[in-house]
Amino acid sequence: MSGPLSPALPAEAEASAVGPRRRRRVRWGDRLLFGYTWLVLLWLFAPIAVMIAFGFNDTRSKSNVSWQGFTFKWWGRLGDYPDLTAAVTNSISIALLATLITTVLGTLMGIALGRYRFRGQAATNLVMFAAISSPELVMGASLLSLFISLGVQTGYMTIVLAHVLFSVSFVAVTVRARVVGLDGSIEEAARDLGASTWITFWRVTFPMILPGVVSGALLAFALSIDDFVISQFTSGATITFPLWIYGAVRIGVPPQVNILGTLIFAVGVAIAVVNTLTSRRRA
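Residues numbered from 1 in each chain as written. Predicted model: local features only at pLDDT ≥ 70, side-chain atom pairs only at ≥ 80, totals over all residues. Heavy atoms only, no water.

Under an unreviewed UniProt entry, the name given to the protein is ABC transporter permease, and the organism recorded is Sphaerisporangium flaviroseum. Check the Subcellular location (unreviewed entry) section of the UniProt entry for the protein; it says "Cell membrane". As stated in UniProt under Sequence similarities (unreviewed entry), the record for the protein gives "Belongs to the binding-protein-dependent transport system permease family. CysTW subfamily." (UniProt positions renumbered as here; feature names shortened; annotations may be inferred.)

Listed below in structure tokens is the structure:
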């Protein structure tokens, strides 16, 4: 019995030796991927960390570029620059108004593109993705030429219109992706049970596409509140937060800018966390 079985022993021993080596290679590959991921995240979040840290810098000059000590005094002096406060107010109000309009229009577009087939749908998709992929410099110059040709005075409302035009495509694409994945039998069941089209939409369809609508709205708000290039072309005499920072760079950016940026970042993170937790709870 031992004679015929003995040639198989070296093969079994070799296979058992290859197994641990392969597992070690996989383990080292996982560790390298894990370390690389954290390096990329640190690289991305390093500027944000510097911005937050220099909001506590006890600077004694106009330029807040070198660390001179730790202090909380700037947090109590956010109103020292009325022009900065007005610029932040403009940015927030423009972003909220543009997000509201964009969310309504983008949601309707996403539902239409994801559910129905109609003449001109390919051209609509082409225009929508062209708006997403076109450089902001081109879009800003085009919008400025349009406003000048129509005799429209650039200012607050032209910024809102410009932000709606370049962000509505993002909302439409996000909502359409959600609509395409819907189970139509659920809506059919609601109509079979006597629900009207309006009630079916608000009580069945809209709750199912709500995560996509919220994601698109958050994306539109983020694109609007920190936009510089398109706002520069269409702002006229209206100053937004990015435009104020650009003008202040020549004479020195005060620590209040870092604090306001920190607050905006914190609010954005809080909204994203709440949205994630709500989506998980619904799931």
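Asks: An account of the confidence of the model for the protein is needed here, citing residue identities and associated values.
Replies: For the protein, per-residue confidence averages 85 on the pLDDT scale, and 90% of positions sit at 70 or higher. Predicted confidence in the protein is weakest over helix α1 (residues 2-5), with a mean pLDDT of 49, and strongest over helix α9 (residues 229-234), with 94. (pLDDT = per-residue confidence, 0-100. Helix = DSSP H or I, 4+ residues; strand = E, 2+ residues; numbered from the N terminus.)

Asks: Let's hear about the pattern of salt bridges: which residues, and what values?
Replies: Inspection of the entire model under this criterion finds four salt bridges. D58 is the partner of R60 in a salt bridge, and the nearest nitrogen-oxygen pair spans 3.4 Å. Taking the relative accessible area as the measure of exposure, R60 reaches 63% and is therefore exposed. With its nearest N and O atoms 2.8 Å apart, the salt bridge here joins D80 to R77. With a relative accessible area of 38%, D80 lands in the partly exposed category. When its relative accessible area of 36% is taken as the criterion, R77 is described as partly exposed. The network of salt bridges with shared partners includes D58, R60 and K73. (Salt bridge = Lys/Arg side-chain N within 4 Å of Asp/Glu carboxyl O. Buried < 20%, exposed > 50% of the residue type's maximum accessible area, 1.4 Å probe, protein only.)

Asks: Quick one: what's the story with the side chain of S235, residue by residue and with numbers?
Replies: For S235, the position within the fold is in the loop between α9 and α10 (241-248). Assessed through its relative accessible area of 5%, S235 is described here as buried. For S235, the contacting residues outside a window of four places in its chain are T154, G155, I159 and L243. (Contact = heavy atoms within 4.5 Å.)

Asks: Can you tell me about the packing of helix α6 (residues 156-180) against helix α8 (residues 197-225), naming the residues and giving the values?
Replies: Taken N-terminus to C-terminus, the directions of α6 and α8 make an angle of 155°; their axes are 8 Å apart at the nearest point. Accordingly, the angle class assigned to the pair α6 and α8 is roughly antiparallel. For the pair α6 and α8, the sense of crossing is right-handed. Seen from α6, the contacting residues are H163, F166, S167, F170, V171, T174, V175, R178 and V179; seen from α8, they are M208, I209, P211, G212, V213, S215, G216, L219, A220, L223 and S224. Along the lines of polarity and charge, the residues of the contact of α6 with α8 split into twelve nonpolar, seven polar and one charged. (Axes fitted to C-alpha atoms, helices over the stretch in contact; angles between N-to-C directions. Parallel < 35°, antiparallel > 145°, perpendicular 65-115°, else oblique. Left-handed = near helix turned anticlockwise from the far one by under 90°. Nonpolar A, V, L, I, M, F, W, Y, C, P; charged D, E, K, R; others polar.)

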